[in-house]
Amino acid sequence: MPDGPGSASQVRWYGAAKVIGLVRSEPGVTRAAAARRLRMSSGGAADLIARLRRERLLDETPAPAQGRGRPTTILGPHPEGPVVLAVELRSRDWRLAQAGLDGVPHVLAQGRQGRTGQARVLDDVADEIAAAYRHMAGRVRAVSVSVAGTLSDSRLVQFTTRGWRDVDLTALTARLPRSAALPLVLGNDATLSGLAETRAGSARDARTALHLIVLVGLGGTLVVGGEPVTGSHGAAGEYGHIPFGEPDLECPCGARGCWDLTVDGRALARHLGIAPPSDPVAYARRLLSAPRTPAIQAAFDTVASSLGRGIAGLVNLHDPDIVTLGGLAPPLRDAAPGPFDDAYRGGLMTFRKSGAPPVRDGLLGEDAPLHGAVAIALDRITTEAALADWAARRG
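Residues numbered from 1 in each chain as written. Predicted model: local features only at pLDDT ≥ 70, side-chain atom pairs only at ≥ 80, totals over all residues. Heavy atoms only, no water.

- Under an unreviewed UniProt entry, the protein has the name ROK-family transcriptional regulator and belongs to Mycolicibacterium aurum.
- UniProt, in the comment section headed Sequence similarities (unreviewed entry), describes the protein in these words: "Belongs to the ROK (NagC/XylR) family." (UniProt positions renumbered as here; feature names shortened; annotations may be inferred.)

Structure, rendered in structure tokens:
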């Protein structure tokens, strides 16, 4: 049975958790730099790193020579150390990746959803999770899921592009042995993208960051102190369902006037007098690469204006240091930069205009949700208690 909070075994892992946290936040950090950051003596750092190597948590490789002085090493994950599995459920496909303590995802399996039903998709992913668990026996410590839909606790309550509603995602770990007892951590793709951009992307080190992603509709998250604001059931950040849109338009979520319907491929098609596309993301991408007729440009102007105006409203609400954009948001803004900027600045309160938060593209691109899914799983397995449990199980 795991020791309780504050137990001697957990206290013993406090320094180890600090070193591992530094390896996660500063890839390529040397042992000497880690000792300085954590205010440890070189001897104390050497002893702690040696213990982490014995426990197969961290490993060392020689650092490039930097002139005179004692040689040091680069810290990284142990090749036989703990790993997490991260699933990404997207509108048209899915991916399963593994990651060690460095947080870098490596894709193990993927598949297209196509016309495949909900049960088949979940079964396929569950089979791949079970196969990865068997292959890395004893090393998998958590499973996380990023999904392009609305979550509440362990349920996917709405996955608009697939027509799924009220899905229990614990089915993804149903093939694992009961003794595995792995935590299942869930997150919306926009929330996890924002977390990833704050930890390792365009908003790195920002105290308060707002991240927005446009795919089919719009989602996002507010990240404060490196942690996303997720709400009481994990369903916060549904910014696309704020009534910033046209009051007469009914959204698939059941509400009217949702911002979602004014910023994506569906909005572009509506402004061009075309029926809603079956794949709004692919349609928007085709339009972005097509010759720019006056009608198409007018559609982009309208969508970019809606995006900029809504962002201004959220800046007035949240007071972030920076706004980052993912998915289709950057190319949609770039398709009509003037209307976007006019709407953004025009929507800001007067006292904010002179120091408006910058609006920047995310650095992690389409992989941001997967990086975020890895990050929340690693958060679970690198606490003092989790490290103590890893050592006890190995013993």
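Now that the structure has been shown, the text picks up again.
## Thoughts on unusual backbone geometry
Reasoning step 1: In the Ramachandran plot, Arg56 falls in the positive-phi region, its phi being about 60° despite a non-glycine side chain.
Reasoning step 2: Phi is positive for Ala181, close to 50°, though the residue is something other than glycine.
Reasoning step 3: Looking at where Ala181 falls in the secondary structure, it is placed in the loop between strand S9 (167–168) and strand S10 (184–188). (Helix = DSSP H or I, 4+ residues; strand = E, 2+ residues; numbered from the N terminus.)

## Brief notes about the pattern of salt bridges
Reasoning step 1: Counted according to the given criterion, the structure contains 25 salt bridges.
Reasoning step 2: A salt bridge links Arg175 to Asp123; the shortest N-O distance between them is 3.2 Å. In this pair, Arg175 is assigned in the loop between S9 and S10 and Asp123 in helix H5 (residues 118–135), connecting sequence segments 52 residues apart.
Reasoning step 3: Between Glu366 and Arg285 there is a salt bridge whose closest N-O contact spans 2.8 Å. With Glu366 in the loop between strand S15 (359–361) and helix H13 (368–381) and Arg285 in helix H8 (residues 280–289), this residue pair connects regions lying 81 residues apart in the sequence.
Reasoning step 4: Classification of Arg285 as partly exposed rests on a relative accessible area of 39%.
Reasoning step 5: Here the residues in one salt-bridge network are Arg24, Arg199, Glu227 and Asp379, joined through shared partners. (Salt bridge = Lys/Arg side-chain N within 4 Å of Asp/Glu carboxyl O. Buried < 20%, exposed > 50% of the residue type's maximum accessible area, 1.4 Å probe, protein only.)

## A short note on the state of the cysteines
Reasoning step 1: Tallied over the entire structure, the rule returns 0 disulfides.
Reasoning step 2: Free of any disulfide, Cys251 has its nearest neighbouring cysteine sulfur in Cys253, separated by 3.7 Å.
Reasoning step 3: Given the relative accessible area of 28%, Cys253 is considered partly exposed. (Disulfide = S-S within 2.5 Å.)

## Quick notes on H5
Reasoning step 1: Taking 1.5 Å per residue, 18 residues should reach 26 Å; H5 reaches 26 Å between its end C-alpha atoms and fits that length.
Reasoning step 2: Listing the buried residues of H5 in full gives Val121, Leu122, Val125, Ala126, Ile129, Ala130, Ala132 and Tyr133. Each buried residue of H5 lies within a common arc of 165° when the element is viewed along its axis, so the set occupies one face. Every exposed residue of H5 that faces more than 90 degrees away from the buried side is listed here: Arg120, Arg134 and His135.
Reasoning step 3: Looking at the buried side of H5, the elements it contacts are strand S3 (83–89), strand S4 (93–99), strand S5 (106–112), strand S6 (140–147) and S9. (Expected span 1.5 Å × (residues − 1). Arc of directions from axis to C-beta. Contact = heavy atoms within 4.5 Å.)

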